[in-house]
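So the chains spell out like this:
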Amino acid sequence: MELKQKLEILADAAKYDASCASSGTDKRTSTNGKGIGSTTGMGICHSYAPDGRCISLLKILLTNFCVYDCVYCVNRVSSNVPRARFSVDEVVNLTLSFYRRNYIEGLFLSSGIIRNPDYTMEQVVEVARVLREVHDFRGYIHLKTIPDASPELMVRAGLYADRLSINVELPTIASLQSLAPEKDGKAIRRSMGQLRLKIEESKEKTLTGKRPPRFSPGGQSTQMIVGADSTDDRAILDTSANLYGAFRLRRVYYSAFSPIPDASNMLPLKAPPLVREHRLYQADWLLRFYGFDAEEIITGQDGMLDLDVDPKTAWALQHREQFPVDLNRAPKAMLLRVPGLGVTSVARILAARKVRAIRYDDLTRLRLSLKKVLPFVVLPDYHPGRSLDDNHLKQRLQQPVPSQQFALF
C-alpha cells in the first residue's frame, strides 16, 4: 500500500480522538542550532473536521487494525473498513518531513491493538524514542497509551512524551462492560494511578538536590464518549470530578458519539447535539476553576445540563435568591459564580476595588458582557431592580447556538 493511502486511512481513523491539545509541557527549542523542533512557538497547528472537532494536522494512528470489538468504534475487529499500518520509520519520517515543511508542530499518536497491548505499546514508544534519541526531535509528542501494557513500557513512554493519555472510553465502568467488554475499566484506572505516581515523582528533587528524569511534563489526560449510551450529564460530571481528584488529570475531553457504518443495534441511531458536548466542556471548567461541585452544576430534574444557556447562568437562574451580588464587597468565591465573570475578570475586579469603588462605567473598561452581568450585580450607581424576577430573563440571556456545523467548502 502506498504511503499516501496509509496516511489517508490512518489520519481519518484518528479524527475521533478529541484530546489533541498541546499545552502544559516544558519549553524546548532548537534555535541554538541543535536538534529539530520547538514547543515554544505557536504550538500544534489544528484543523477542524466537518463535524466540528478540533484536530491536529498530524494526528494519526499507528494502525487501525484492532483485536478488540468495541461496538462504538469504527476500527473494531468486526468493522468493514479499509485497514492500514505504518511502520515505525514511516511515522518518524512523516513527522520530520511535515515539521520541516511547517505543516505541524508535533505528533499525536494512537493505535488500535495489534497482537497484544505490550506489542502495540512497544511500537508506539519506539516511534517516540527514535524521534527523540536518533533525530533529537524537540517538538511536541502526545502518546495515547495502551491501558493493559506493562508498567515498564508506560515508564518508557513518559520519558519521551510531553503528554500521555489513557481513554476511559465511556463515563461508567458498567457502560464499558456493556459496549466494550474486552476492556477493563479497573485496569484503565490502575494505569492512570501509576502514571500519576510517576508524574509526581518526576517533580520531586532527590536527596542530592537533583531532579529525576522528565516524565510526561504535560501530565495525563483522558477522553470519554458522550451519547453512545444512556449515561446522563450528572454521572458524566461525577466521573470527571473523580478522575480529576484521584489521578490529577490535566484534562478530561468529551467527544460526542458519531454514528458509524454497520453499527450495532446497541447504539443510538443519531448523534447527540454538539451543544451537549459544548455544555459539558463549560461545566468541566466550572469544576476545575470556579469552585463548583459536580452535583450543583446539574440544574435539570432529568440529570442533564440545560442546553439553552451555559451551566453557570443556569445555576444563577435557579438560585436567584443569592443575587444581586455587590461587586465591591462580595468574596472571590461568590464573584466567580456571577454569570459573565471569568477567572481573569474576577482577578481584575479584586485588584481594582482595592484602589477605589467599581462603578457602572468600569464594567465596560473591564470588557464584561453587560447583558450577562448586569441582572446579577449591584454597584454604587446601578441596581438591577426587579429584573431578577423577570420570567423572561432566561430567554433574554439565551444565546443562539447553531445546531449544525457549517460546511467547510
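Here the structure is a predicted model, which means the values were calculated and not measured. (Residues numbered from 1 in each chain as written. Predicted model: local features only at pLDDT ≥ 70, side-chain atom pairs only at ≥ 80, totals over all residues. Heavy atoms only, no water.)

To continue, consider the overall build of the protein. Assigned secondary structure in the protein consists of 15 helices and ten strands. Of all 409 residues assigned to the protein, the portion counted as buried reaches 51%. For the protein, the computed accessible surface area is about 19,900 Å², with 52% contributed by carbon and sulfur atoms. (Helix = DSSP H or I, 4+ residues; strand = E, 2+ residues; numbered from the N terminus. Buried < 20%, exposed > 50% of the residue type's maximum accessible area, 1.4 Å probe, protein only. Areas by Shrake-Rupley, 256 points an atom, 1.4 Å probe, with all protein chains shown as cover.)

Our focus in this paragraph is the sheet that holds strand β4 (residues 106-110). The six strands are arranged β3-β4-β5-β6-β7-β8 in an open sheet whose pairing can be described as parallel. The open sheet terminates on both sides in strands that have one partner only, identified here as β3 (59-61) and β8 (251-256). Across the sheet, the mean angle separating the axes of adjacent strands is 25° when strand polarity is ignored. Along the sheet, helix α3 (residues 117-134) makes contact with β4 and β5 (140-144), crossing β5 at roughly 170°. (Pairing = 2+ DSSP bridges. Axes fitted to C-alpha atoms, helices over the stretch in contact; angles between N-to-C directions. Contact = heavy atoms within 4.5 Å.)

What follows deals with unusual backbone geometry. A cis amide bond, omega 5°, links Phe-323 with the succeeding residue Pro-324. One non-glycine residue with positive phi stands out, namely Ser-216, at about 40°. Within the secondary structure layout, Ser-216 lies in the loop between α6 (185-201) and β7 (220-226). For Ser-216, a relative accessible area of 0% gives the class buried.

Further remarks concern a negative patch on the surface. Together, Asp-118, Glu-122, Asp-148, Glu-152 and Asp-184 make up a region of like negative charge exposed at the surface. Looking at the element boundaries, Asp-148 is found in the loop between β5 and α4 (151-160). Classification of Asp-148 by relative accessible area gives partly exposed; the value is 38%. (Patch = residues over 30% accessible without salt bridge, like charges linked within 9 Å, V, L, I, M, F, W, Y side chains within 5 Å. Salt bridge = Lys/Arg side-chain N within 4 Å of Asp/Glu carboxyl O. Lys, Arg positive; Asp, Glu negative; His and termini not counted. Charge placed at Lys NZ, Arg CZ, Asp CG, Glu CD.)

Looking at the secondary structure, you find Arg-76 in the loop between β3 and α2 (88-100). The buried charged residue Arg-76 lacks any salt bridge partner; its closest oppositely charged side chain belongs to Asp-69, at an N-O distance of 4.2 Å. A polar side-chain atom of Arg-76 sits 2.9 Å from the main-chain carbonyl oxygen of Cys-73. Apart from residues no more than four positions distant in its own chain, Arg-76 is found in contact with Tyr-68, Asp-69, Cys-70, Val-71, Arg-83, Ile-260, Pro-261, Asp-262 and Ala-263. (Polar contact = N/O pair within 3.5 Å; in protein donor to acceptor, adjacent residues only side chain to side chain.)

With the rule as written, the count across this model stands at 22 salt bridges. Lys-6 is the partner of Glu-90 in a salt bridge, and the nearest nitrogen-oxygen pair spans 3.1 Å. Taken together, the residues span a long stretch of sequence, with Glu-90 in helix α2 and Lys-6 in helix α1 (residues 3-13) at a distance of 84 residues. Judged by relative accessible area, which is 12%, Lys-6 ranks as buried. Within this structure, Glu-126, Arg-129 and Glu-133 form a network of salt bridges that share partners.

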